[in-house]
Amino acid sequence: MLTIRQAAFDDLGQITEIYNDAIEKTTATFDTEPKTPEEQESWFASHDARHPVLIAARDGLIVGWASLSKWSDRCAYSDTAEISLYIKEEYRGKGIGKELMKAIIQEGQRADLHTVIARIADGNDMSIELCKSFGFQQIGTMREVGKKFGKLLDVHIMQLIY
Ligand SMILES: CC(C)(COP(=O)(O)OP(=O)(O)OC[C@H]1O[C@@H](n2cnc3c(N)ncnc32)[C@H](O)[C@@H]1OP(=O)(O)O)[C@@H](O)C(=O)NCCC(=O)NCCS
């Protein structure tokens, strides 16, 4: 059975493990070096009631997390957030991403956000399809803005407006 709940500080170790694995193996994030516990603590502290971090757990094990982060510290952007969503490798393709996506979008709505933005590297079709199925529209592409694993990467911008 899958449980989705607000992340607690004690979950940070497992959240970091999932994220660092994605840093090492995927272009889903443009981070290239593993995050230290200290960096993750400050990332976690930058979230609040309007910018939640959710986790999905199965039998006590955290199998995925999602967050809404501030798009910018400039106040006029205060109703805009950026989504992140990571599922532990062995648990992908089993519907957990969909459940977390649904929950985090509901959180954004509850927090009275106006819009959520996703930045997705070209080739991550699963994320693009997942976002589209929740009403995100592709609004543009930034060409060759990243380089990872020796390859230049385009980034698609997708947007959900509540
Ligand atoms: C992308 C990710 C979050 C999706 O979560 P998931 O649990 O693996 O996905 P789900 O099983 O819930 O599938 C969700 C949707 O993805 C799409 N999808 C699934 N498999 C797919 C595939 N092989 N190709 C394209 N789309 C696919 C479908 O739209 C699916 O919905 P459906 O089953 O109703 O058709 C997860 O795979 C992941 O963590 N990947 C690595 C990190 C990442 O890319 N994060 C997103 C950064 S922007």
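What counts and how
Residues numbered from 1 in each chain as written. Predicted model: local features only at pLDDT ≥ 70, side-chain atom pairs only at ≥ 80, totals over all residues. Heavy atoms only, no water. Near = heavy atom within 4 Å. Polar contact = N/O pair within 3.5 Å; in protein donor to acceptor, adjacent residues only side chain to side chain. Areas by Shrake-Rupley, 256 points an atom, 1.4 Å probe, with all protein chains shown as cover. Helix = DSSP H or I, 4+ residues; strand = E, 2+ residues; numbered from the N terminus. Buried < 20%, exposed > 50% of the residue type's maximum accessible area, 1.4 Å probe, protein only. Pairing = 2+ DSSP bridges. Contact = heavy atoms within 4.5 Å. Phe/Tyr/Trp six-rings, centres within 6.5 Å; stacked < 30°, edge-to-face > 60°.

(A) Spatial organisation of the site of the ligand. Taken together, the neighbourhood of the ligand is formed by 18 residues, with Ile 87, Gly 95, Gly 97, Lys 98 and Asn 124 sitting nearest. In the model, an oxygen atom of the ligand is placed 2.8 Å from a nitrogen or oxygen of the Gly 93 main chain. Interatomic distance of 2.7 Å between a backbone N/O atom of Gly 95 and an oxygen atom of the ligand. For the ligand, the accessible surface in isolation is 940 Å², of which the surrounding protein chains cover 71%. Counting only elements with at least two residues in the shell around the ligand, the list comes to β4 (80–87), α3 (96–110), β5 (115–121) and α4 (125–133). No other element matches α4, which puts four residues into the shell around the ligand.

(B) Fine view of the pairing of β5. The buried fraction of β5 is high, at six of seven residues. Judged from the seven bridges that link them, β5 and strand β7 (residues 151–161) form a sheet pairing that is antiparallel. When the bridges of β7 are listed, Ala 118 appears paired with Met 158.

(C) Spotlight on the side chain of Glu 82. With respect to the element layout, Glu 82 can be found in strand β4. Classification of Glu 82 by relative accessible area gives buried; the value is 15%. Within the structure, the side chain of Glu 82 is placed 2.7 Å from the side chain of Arg 119, a separation counted as a polar contact. Every residue in contact with Glu 82, bar those within four places of it in the chain, is listed here: Ser 67, Leu 68, Ser 69, Trp 71, Ile 117 and Arg 119.

(D) The packing of aromatic side chains, seen in detail. Within the structure shown, the criterion is met by six aromatic pairs. For the pair Tyr 19 and Trp 65, a centre-to-centre distance of 5.9 Å together with 70° between the ring planes defines the contact as edge-to-face. Here the residue Tyr 19 occupies a position in helix α1 (residues 12–25), and Trp 65 occupies one in strand β3 (residues 61–70), the gap between them amounting to 46 residues. Each of the two residues, Tyr 19 as well as Trp 65, counts as buried. Geometrically, the ring pair formed by Trp 43 and Trp 65 is edge-to-face, given 5.2 Å between the ring centres and 70° between the ring planes. Of the two residues, Trp 43 sits in helix α2 (residues 37–45) while Trp 65 sits in strand β3, which places them 22 residues apart along the sequence. Across this residue pair, the class does not change: Trp 43 and Trp 65 are buried. An aromatic cluster of at least three residues, connected via ring pairs, comprises Phe 9, Tyr 19, Trp 43, Phe 44, Trp 65 and Tyr 86.

(E) Expanded view of the pairing of β7. Taken across its eleven residues, β7 has eight buried, putting it largely inside the fold. The sheet contact formed by strand β6 (residues 137–148) and β7 spans eight bridges and is antiparallel. Following the sheet pairing, Gly 140 is matched in β7 by Ile 157. The turn joining β6 and β7, which pair antiparallel and follow one another in sequence, is formed by two residues; a positive phi near 50° is taken by Phe 149.

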